[in-house]
Amino acid sequence: GRPADLAGRRLVISAGGTREALDPVRFLGNRSSGLQGYALARTALARGAEVTLVAANVALPDPAGATVIRVESALEMREAVLEAVENADAVVMAAAVADFRPARRSDSKVKKTSAEPDPIHLVKNPDILAELGERRREGLKPYPQVIVGFAAETDDVLANGRAKLARKGCDLLVVNQVGENLAFGRPDNAAVVLVADGDPVEIPRGPKEDLADVVWDLVAGRLA
Ligand code: C5P
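Residues numbered from 1 in each chain as written. Predicted model: local features only at pLDDT ≥ 70, side-chain atom pairs only at ≥ 80, totals over all residues. Heavy atoms only, no water.

A. Layout of the overall build of the protein chain. Scanning the protein chain from N- to C-terminus turns up five helices and 12 strands. Computed over its C-alpha atoms, the radius of gyration of the protein chain comes to 18 Å, within 12% of the 17 Å expected for a compact globule of 224 residues. Buried positions account for 46% of the 224 residues belonging to the protein chain. Considering only intrachain contacts with a sequence separation of at least 6, the fraction spanning at least 24 residues in the protein chain is 62%. Only carbon and sulfur atoms are counted for the fraction: they give 49% of the accessible area of the protein chain, which is about 11,600 Å². Of the side-chain charges in the protein chain, 29 are positive and 32 negative, and the distance between the mean point of each set is 4 Å. (Helix = DSSP H or I, 4+ residues; strand = E, 2+ residues; numbered from the N terminus. Rg over C-alpha atoms; globule rule 2.2 N^0.38 Å. Buried < 20%, exposed > 50% of the residue type's maximum accessible area, 1.4 Å probe, protein only. Contact = heavy atoms within 4.5 Å. Areas by Shrake-Rupley, 256 points an atom, 1.4 Å probe, with all protein chains shown as cover. Lys, Arg positive; Asp, Glu negative; His and termini not counted. Charge placed at Lys NZ, Arg CZ, Asp CG, Glu CD.)

B. Molecular detail of the layout of surface pockets. Computed from the structure, the largest pocket encloses a volume of approximately 770 Å³. In terms of lining, the largest pocket is formed by 34 residues, of which the most central are Ala 95, Ala 96, Val 97, Phe 150 and Ala 151. Looking at the lining of the largest pocket, the elements that each hand over two or more residues are α1 (35-46), α3 (128-137), β9 (146-153), α4 (157-168) and β10 (172-177). Class assignment of the residues belonging to the lining of the largest pocket gives a composition of 17 nonpolar, 11 polar and six charged. Quantified by volume, the second largest pocket comes out at close to 500 Å³. What lines the second largest pocket is a set of 17 residues, and nearest its centre among them are Leu 22, Val 110, Asp 118, Pro 119 and Ile 120. (1 Å grid on protein atoms, 1.4 Å probe; cavity = no way out; pocket = protein on both sides within 12 Å on 5 of 7 lines; lining within 4 Å. Points joined across faces, edges and corners; volume = space filled by probe spheres on them. Nonpolar A, V, L, I, M, F, W, Y, C, P; charged D, E, K, R; others polar.)

C. Summary view of the sheet that holds strand β5 (residues 67-71). Taken together, the eight strands give an open sheet; going across it, the order is β5-β4-β1-β6-β9-β10-β11-β12, and neighbouring strands pair in mixed fashion. Edge positions in the sheet fall to β5 and β12 (201-207), since each of these pairs with one other strand and no more. This sheet shows a mean twist of 20° between the axes of neighbouring strands, independent of strand direction. By the bridge criterion, seven bridges tie strand β1 (residues 10-16) to strand β4 (residues 50-56) in an arrangement that is parallel. Looking at the pairing, Ile 13 lines up with Leu 53 of β4. Most of the contacts of helix α2 (residues 74-84) go to β4, to which it runs at about 170°, and overall it touches β1, β4, β5 and β6 (90-93). (Pairing = 2+ DSSP bridges. Axes fitted to C-alpha atoms, helices over the stretch in contact; angles between N-to-C directions.)

D. Representation of the nonpolar core in the model. Residues Leu 40, Val 148, Val 174, Trp 216 and Val 219 are the most contacted members of the largest nonpolar core, which totals 33 residues. Listed by contribution, the elements that provide at least two residues to this core are β1, α1, β4, β6, β9, β10, β11 (188-195) and α5 (208-223). Val 85, Ile 128, Leu 165 and Cys 170 belong to the second largest nonpolar core, which has 26 residues in total. (Core = buried A, V, L, I, M, F, W, Y, C linked by side-chain atoms within 4.5 Å.)

E. Seen up close, α3. Among all positions of α3, only Ile 128, Leu 129, Leu 132 and Gly 133 are buried. With its buried residues spanning 140° around the axis, α3 presents them on a single face. Against the buried residues of α3 lie α2, β6, β9 and α4. Measuring from the side-chain oxygen of the N-cap residue of α3 to the backbone nitrogen of Leu 129 gives 3.2 Å; that N-cap residue is Asp 127. (Arc of directions from axis to C-beta. Polar contact = N/O pair within 3.5 Å; in protein donor to acceptor, adjacent residues only side chain to side chain.)

F. Layout of the site of the ligand. Taken together, the neighbourhood of the ligand is formed by 13 residues, with Met 93, Ala 95, Pro 126, Lys 164 and Lys 168 sitting nearest. Pro 126 places a polar main-chain atom, nitrogen or oxygen, 2.8 Å from a nitrogen atom of the ligand. Lys 168 has a polar side-chain atom sitting 2.8 Å from an oxygen atom of the ligand. Taken by itself the ligand offers 450 Å² of open surface, and the protein chains cover 87% of this. When atom positions are compared with the pocket grids, the ligand is found to occupy the largest pocket. Those elements that provide at least two residues to the shell around the ligand are α3, β9 and α4. In the shell around the ligand, the residues fall into eight nonpolar, one polar and four charged. (Near = heavy atom within 4 Å. Sits in = over half its atoms within 2 Å of the grid points.)

G. Layout of α1. Under the 1.5 Å per step criterion, the end-to-end length of α1 is 16 Å for 12 residues, consistent within 8% with the ideal 16 Å. Those residues of α1 not exposed but buried are Gln 36, Gly 37, Tyr 38, Ala 39, Leu 40, Ala 41, Thr 43 and Ala 44. Directly after α1, the chain includes Gly 48, whose backbone phi takes a positive value near 95°. (Expected span 1.5 Å × (residues − 1).)

H. Just the packing of α2 against α3, in detail. Where α2 contacts α3, the two axes come as close as 10 Å, and the packing angle between them is 30°. Compared by their axis directions, α2 and α3 come out roughly parallel. Crossing hand, α2 versus α3: right-handed. Contacts from Ala 74, Met 77, Arg 78, Val 81 and Leu 82 of α2 reach α3 at Ile 128, Glu 131, Leu 132 and Arg 135. Its residues assigned to classes, the contact of α2 with α3 comprises six nonpolar, no polar and three charged. (Parallel < 35°, antiparallel > 145°, perpendicular 65-115°, else oblique. Left-handed = near helix turned anticlockwise from the far one by under 90°.)

Below, the structure is given as structure tokens:
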């Protein structure tokens with residue numbers, strides 16, 4: 001069995017992948033399944049935590065006991081996460097958040113015409129993880145005590161991950177080693193957890209629950 005070392009802790013977890021609408025029926029999206037975020041939620045609940053799960057476009061059953069907030073876009077996720085982190089002890093951003101969204105969402109379905117199609121103009125989405133780190137750095141309460149990000153890197157995993165951890169101001173960055181074996185949609189995962197003030201922790205390929213438990217070990221240690 002798992003330790004009850006997260007009893008009474010309030011945790012916010014984002015999961016899934018955002019969809020950025022082009023018109024009422026079309027969107028720009030990504031292949032995130034939400035499996036890792038849901039594994040984080042289930043394991044945290046098993047360790048006694050109170051969990052708010054901000055889920056973007058996930059086709060998975062709600063983990064029993066979690067408060068699930070469903071969102072679609074990055075802007076909706078930002079609203080939900082910022083509200084949920086009030087009074088939270090830690091946040092884990094496992095969701096794949098779109099870096100860009102279409103500058104304009106058409107109110108009606110974009111028609112197929114004989115003319116050349118219009119280009120899609122994109123604008124930047126807010127970086128929710130970086131914003132949380134910035135709030136904490138500036139002492140802008142409320143902010144969570146522990147901030148955890150995820151990142152997928154294909155090369156120079158440690159150097160790129162280290163730079164990203166510093167840039168985003170998080171405590172832990174779980175870096176997925178993507179490439180020949182994508183993590184998306186698979187039940188298992190391999191990663192290295194970069195620690196702001198410590199040595200990296202290697203997590204061998206295994207169930208997403210195992211990776212989740214290592215993340216919670218590190219989070220529980222920082223909350224203790
Ligand atoms: O910069 P990159 O997308 O690689 O960073 C990934 C991490 O940042 C993930 O934890 C993801 O949830 C978070 N993120 C975010 N807001 C964005 C983009 C990424 O919170 N707009």
